[in-house]
Amino acid sequence: MQSVLHPSSPGGRPARPAPSEYTLIFFDLETTGLDVSGCDIVQLSAVCGERTFNAYMVPRRSMGYSASFVTGFTVEGDSLLQYGRPMMTVPLQDALADFLTFLRGFHSPVLVAHNVLRFDAPILLRSLRGFSLQNELERVIPGFLDTLLLSKDLPACSRVRKFSLQYLVKYFLGKPFEAHDALEDSKALEQLCHVWNPSPMLIRRHLYTVQQIHF
DNA sequence: TGCCAGGCCCTCTTTAGGGCCTT
């Protein structure tokens, strides 16, 4: 699904001086743990319709026990394994540069993830800053859309009491879901948003610029 | 060996505490 939003003011002029439409890019990270200020990315994935991005990296620090348990990632020597299978990895800097190139292929790409405000965005921005690439992301994307916050504002979720991605996928898509693979999670989130079909007003309400992310 | 996040939100709250959400 390539989602496009056309924001406009009551007067018919664009609500923001910048882009007149957004493309929703669903993305996800798998990391060495939940420590936002210190964990490393091991998988960076994104999807928009038929176009996907997927990169694996060997982390500088060890995988946390619980992170390994839920994602299946382990590190042996200089290799990243997923469920014991060696993965093709690239240096973090290359993955981030390639990700920016991927994003440049869309018009006004908005990065969408579940709990992106508190987890994915701060980690992504911290990683980019390490290679002086943070400003480049600011130039490429209008902002981030957090589906955790969005879901709590959706009429379709008025009876929902749990808002984890796992629960929402099971509730709305009717299938068990325990992926914890960044690409699969991104695809599931895209399907979820396709079902929700949130209004442009709701999307704008939960859109945050890079400058608004605390990390 | 022992450690293993943090901020928001809700309520049986506010002089607090527990659950949620991400890996």
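Source: prediction; values computed, not measured.

Peer 1: Got a minute to help me understand the pattern of salt bridges in this structure?
Peer 2: When charged atoms on two side chains of opposite charge get close, those side chains can pair. For the coordinates displayed, the defined rule picks out five salt bridges. Where Asp-40 meets Arg-60, a salt bridge forms, and the shortest distance between an N and an O atom there is 3.0 Å. With Asp-40 in the loop between β2 (22–31) and β3 (41–48) and Arg-60 in the loop between β4 (51–56) and α1 (65–71), the pair connects residues that are 20 residues apart, well separated along the chain. Residue Arg-104 pairs with Glu-136 through a salt bridge whose shortest N-O separation is 2.9 Å. Of this pair, Arg-104 sits in helix α2 (residues 92–104) while Glu-136 is found in helix α4 (residues 134–140), placing the two residues 32 residues apart along the sequence.

Peer 1: How should helix α7 (residues 182–196) be read in this particular structure?
Peer 2: One turn of an α-helix holds 3.6 residues; hence residues three or four places apart share an orientation. If you check α7, its first and last C-alpha atoms are 21 Å apart, about what 15 residues at 1.5 Å a residue would give, namely 21 Å. Taken together, the buried positions of α7 are Ala-182, Leu-183, Asp-185, Ser-186, Ala-188, Leu-189, Glu-190, Leu-192, Cys-193 and Trp-196. Its buried side turned inward, α7 meets β2, β3, β4, β8 (109–113), α5 (147–151) and α6 (165–173). For α7, the N-terminal cap is Asp-181; the gap from its side-chain oxygen to the backbone nitrogen of Leu-183 is 3.1 Å.

Peer 1: Any chance you could explain the protein's contact with DNA strand B here in plain terms?
Peer 2: Taken together, 22 residues lie around DNA strand B, and Glu-30, Thr-31, His-114, Phe-163 and Leu-165 are the ones closest in. Here a phosphate oxygen of DNA strand B sits 2.7 Å away from a polar atom, N or O, in the main chain of Leu-165. Broken down by class, the residue content of the surface near DNA strand B amounts to eight nonpolar, eight polar and six charged.

Peer 1: Even after reading the chapter, I still don't get the packing of aromatic side chains, so can you show me in this structure?
Peer 2: Here a ring pair, both rings aromatic, is described through the centre-centre distance and the interplanar angle of the planes. The tally for this structure, following the rule as stated, stands at nine aromatic pairs. With a centroid separation of 5.8 Å and 90° between ring planes, the pair formed by Phe-172 and Trp-196 is classed as edge-to-face. Residue Phe-172 is located in helix α6, and its partner Trp-196 is located in helix α7; the two are separated by 24 residues in the primary sequence. With respect to burial, Phe-172 and Trp-196 carry one shared label: buried. Aromatic ring contacts, followed pair by pair, group Phe-27, Phe-53, Phe-99, Phe-102, Phe-106 and Phe-144 into a single cluster.

Peer 1: Explanation requested: the sheet that holds strand β7 (residues 85–86) in the structure shown.
Peer 2: What holds strands together in a sheet is hydrogen bonding between their backbones, with the strands either parallel or antiparallel. One open sheet holds the three strands; their spatial order is β5-β6-β7, and the pairing between them is antiparallel. Two strands in the sheet have a free side with no partner beyond their single neighbour: β5 (73–76) and β7. Pairing of β5 with strand β6 (residues 79–82), which is carried by four bridges, proceeds in the antiparallel orientation. Of the residues in β6, the one forming a bridge with Val-75 is Leu-80.

Peer 1: Would you mind showing me how to read the environment of Ser-79 here?
Peer 2: Within the fold, Ser-79 resides in strand β6. For Ser-79 and Leu-96, which are 17 residues apart along the polypeptide, the C-alpha to C-alpha distance reads 19 Å. Not counting the four nearest positions on each side in its chain, Ser-79 is found in contact with Val-58 and Thr-74.

Peer 1: So what exactly am I meant to see when it comes to the UniProt feature "domain: Exonuclease" (unreviewed entry) in chain A here?
Peer 2: Following the UniProt record, the feature "domain: Exonuclease" (unreviewed entry) maps to residues 23–201 here. What you have in residues 23–201 is 38% helix and 23% strand, and the ends, taken at the C-alpha atoms, are 15 Å apart.

Rules and cut-offs
- Residues numbered from 1 in each chain as written.
- Chains lettered and ligands numbered in written order.
- Predicted model: local features only at pLDDT ≥ 70, side-chain atom pairs only at ≥ 80, totals over all residues.
- Heavy atoms only, no water.
- Salt bridge = Lys/Arg side-chain N within 4 Å of Asp/Glu carboxyl O.
- Helix = DSSP H or I, 4+ residues; strand = E, 2+ residues; numbered from the N terminus.
- Expected span 1.5 Å × (residues − 1).
- Buried < 20%, exposed > 50% of the residue type's maximum accessible area, 1.4 Å probe, protein only.
- Contact = heavy atoms within 4.5 Å.
- Polar contact = N/O pair within 3.5 Å; in protein donor to acceptor, adjacent residues only side chain to side chain.
- Near = heavy atom within 4 Å.
- Nonpolar A, V, L, I, M, F, W, Y, C, P; charged D, E, K, R; others polar.
- Phe/Tyr/Trp six-rings, centres within 6.5 Å; stacked < 30°, edge-to-face > 60°.
- Pairing = 2+ DSSP bridges.
- UniProt positions renumbered as here; feature names shortened; annotations may be inferred.

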